[in-house]
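The primary structure of each chain is shown beneath.
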Amino acid sequence: MATTSKQYKAIGEDLWKNKSEKVNAELFALTYGALVVQLIQDYEDYAEVNKQLEKMGYNIGTRLIEEFLAKSSLGRCADFKDVGEVIAKVGFKSFLNITPNITHAQLQPTTSPTTKSQSTGATPGSMFSLTFDDNPLAEFVELPEEALEGGLWFSNVFCGVIRGALEMVQMQVTAEFISDVLRGDETTEIRVKLIKLLEEEVPAGDD
Amino acid sequence: MSHHIFILSPTDTPLYSLTHYSSKPAQSAGSALSSNLPSWSTSAFAGTLTALSGASSATQHHTSAGGGVRMGGGQDRHVIQMIANASLDAIEEVMRRENVMYLKSVDKFNEWIVSAFVTAGNMKFIILHETKNDDGIKVFFNDLWELYVKTAMNPFHTAHTPIRSTVFDSRVRASAKKNL
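Quick caveat: nothing in here was measured; it's all calculated off a predicted structure.

Caption draft 1: Just the overall build of chain A, in detail. Per the secondary structure count, chain A includes 6 helices and 4 strands. The secondary structure elements of chain A, listed N-terminal to C-terminal, are α-α-α-α-β-β-α-α-β-β. In chain A, which comprises 207 residues, the share counted as buried stands at 44%. Sequence-distant contacts in chain A: of pairs separated by 6 or more residues, those separated by 24 or more amount to 67%.

Caption draft 2: Here's a closer look at the overall build of chain B. Regarding its fold elements, chain B presents 4 helices and 5 strands. Secondary structure of chain B in N-to-C order comes out as β-β-α-α-β-β-β-α-α. A total of about 9400 Å² of accessible surface is found on chain B, and carbon and sulfur atoms cover 56% of it.

Caption draft 3: Examining the packing of aromatic side chains more closely. Following the criterion strictly, the structure yields 14 aromatic pairs over all chains and no others. Taken together, a centroid distance of 5.6 Å and an interplanar angle of 15° make the contact between Trp 153 of chain A and Phe 177 of chain A stacked. Taken together, the residues span a long stretch of sequence, with Trp 153 of chain A in the loop between α5 (145-150) and α6 (157-168) and Phe 177 of chain A in strand β3 (residues 171-179) at a distance of 24 residues. Phe 177 of chain A shares its class with Trp 153 of chain A; the two are buried. Considering the side-chain rings of Phe 125 of chain B and Tyr 148 of chain B, the 6.1 Å spacing of their centres and the 75° angle between planes classify their relative orientation as edge-to-face.

Caption draft 4: Molecular detail of helix α2 (residues 25-43) of chain A. All names here are of chain A. A rise of 1.5 Å per residue sets the reference length of α2, with its 19 residues, at 27 Å; its end C-alpha atoms lie 27 Å apart and thus fit the reference within 8%. All of the buried residues along α2 are Ala 29, Tyr 32, Gly 33, Val 36, Val 37, Leu 39 and Ile 40. Take α2 and look down its axis: the buried residues cluster within an arc of 155°, on one side only. Exposed residues pointing more than 90 degrees away from the buried face of α2 are listed as Gln 41 and Asp 42. Buried residues along α2 sit in contact with α3 (46-72) and α6. Taking the backbone nitrogen of Glu 26 as reference, a side-chain oxygen 2.7 Å away marks Asn 24 as the first, capping residue of α2. In the segment just after α2, Glu 44 is the residue with positive phi, at about 60°.

Caption draft 5: Representation of the side chain of Lys 71 of chain A in the model. Residue and element names in this part refer to chain A. Looking at the element boundaries, Lys 71 is found in helix α3. On the accessibility criterion, Lys 71 (16% relative accessible area) is buried. Setting aside chain neighbours within four positions, we find Lys 71 in contact with Leu 15, Lys 19, Ser 20 and Phe 95.

Caption draft 6: Representation of the interface of chain A and chain B within the structure. Contacts between chain A and chain B engage 14 residues on the former and 7 residues on the latter. The contact between chain A and chain B buries some 860 Å² in all, and 73% of this surface belongs to carbon and sulfur atoms. The largest share of the area that chain A buries against chain B comes from Val 37, Phe 140 and Glu 142 of chain A, three residues that together contribute 61% of it. The interface formed by chain A and chain B includes 0 salt bridges. Our count for the chain A to chain B interface comes out at 2 residue pairs in polar contact (both at pLDDT 80 or more). A per-class count over the side of chain A that touches chain B returns 11 nonpolar, 1 polar and 2 charged.

Caption draft 7: Representation of the confidence of the model for chain B. Residue and element names in this part refer to chain B. Of the residues in chain B, 71% reach a pLDDT of 70 or more, and the chain-wide mean stands at 74. Between residues 27-37, whose pLDDT stays under 50, and residues either more than four places distant or in other chains, the model counts 14 contacts. In the predicted complex, the global pTM is 0.77; the interface-specific ipTM is 0.75.

Caption draft 8: Examining the confidence of the model for chain A more closely. Residues and elements named next belong to chain A. Looking at chain A, the pLDDT average stands at 88 and 88% of residues meet or exceed 70. No element of chain A has a lower mean pLDDT than α5, at 90, and none a higher one than α6, at 96. pLDDT under 50 marks residues 112-120. Its contacts with residues more than four places away, or in other chains, come to 7 contacts.

Caption draft 9: How the structure looks around the packing of helix α4 (residues 80-96) of chain A against α6 of chain A. Residues and elements named next belong to chain A. Two elements in contact, α4 and α6, have axes separated by 13 Å at closest approach and are oriented at 120°. The angle between α4 and α6 places the two elements in the oblique class. The hand of the α4/α6 crossing is right-handed. Counting all contacts with α4, which are made through Val 83, Ile 87, Phe 92 and Leu 96, the residues of α6 involved are Phe 158, Ile 162 and Leu 166. Residues that form the contact of α4 with α6 fall into these classes: 7 nonpolar, no polar and no charged.

What counts, and where the lines are drawn
Residues numbered from 1 in each chain as written. Chains lettered and ligands numbered in written order. Predicted model: local features only at pLDDT ≥ 70, side-chain atom pairs only at ≥ 80, totals over all residues. Heavy atoms only, no water. Helix = DSSP H or I, 4+ residues; strand = E, 2+ residues; numbered from the N terminus. Buried < 20%, exposed > 50% of the residue type's maximum accessible area, 1.4 Å probe, protein only. Contact = heavy atoms within 4.5 Å. Areas by Shrake-Rupley, 256 points an atom, 1.4 Å probe, with all protein chains shown as cover. Phe/Tyr/Trp six-rings, centres within 6.5 Å; stacked < 30°, edge-to-face > 60°. Expected span 1.5 Å × (residues − 1). Arc of directions from axis to C-beta. Polar contact = N/O pair within 3.5 Å; in protein donor to acceptor, adjacent residues only side chain to side chain. Buried area = accessible area lost by both parts, 1.4 Å probe. Salt bridge = Lys/Arg side-chain N within 4 Å of Asp/Glu carboxyl O. Nonpolar A, V, L, I, M, F, W, Y, C, P; charged D, E, K, R; others polar. pLDDT = per-residue confidence, 0-100. Axes fitted to C-alpha atoms, helices over the stretch in contact; angles between N-to-C directions. Parallel < 35°, antiparallel > 145°, perpendicular 65-115°, else oblique. Left-handed = near helix turned anticlockwise from the far one by under 90°.

Listed below in structure tokens is the structure:
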């Protein structure tokens, strides 16, 4: 019953090929680039721009998750590892045709974990990292000096999307950039950490 | 033997300039006076000769930094600039007559040949060179065009402003090394 990694890949591939409307990649990259440049001109503070990009991503994510679940008809994930796999292999693949690499890790929770809410296998403190080989948003981009010094994360909208989407399925997470090739780092990496499971809307009897 | 490369906006604002010292042997069919001299008498005599003819080749100026940005020193720099600017008239004339991108060599000044390339957006690429090298220059112009388009697509680049990207600079130098 557990869906394997290969099956996720196949689902993602199928969604991209058959069930997605396509848009010109250059148009997409130029639009996003113009958006970021405009934000920089308006706010003039790179930390603020990062925050705004994340907020925009959050709004996108809360709506995107509905479409994603409808198209993919995937059920609930077994644990946080599964969540990461689905995001990387099905989510990013079906919307952007990229498959980031994923590495899982587990932080030790500082307080003793309560026994009742951990039955789904996702313990707070679980985390995974997504490493991007290529980034369609940053196709032609070279960051100027001021942006590098100011600490701009150009593709911060991704972090918002992940946070927004997961919050709609009862997971509170933080998603943040660890490194970015636009900044001169070796890889582009996002770390997603589970804070807690949100309990209000869980339907009784669902697995 | 050196090449001077300029990129100009449609309003003739200089956006980028580079001086490239080629390591390739001169292939000219005897355009400069110095090429008629026997090979052992190269640097000193040839240098004086070309200096007298109005613009000197870069061999005398190796000590000055051959940077991508304008070099302040060297009186010949002014001559180079003057030649480049003078050729703009010739370029515009050819542009009006024909509608091609690669304009080959549009002008000649002493031993400097000016070749030009005009893009669809009216950006002018100009190379001042001493030796005839049409094939290499054509390939180089096309490379330069591609690199320019990629830089123009950068959302942080404002159109028709000087190009300061180090990536662009290093790629242009690499292409110049390969083709010129």
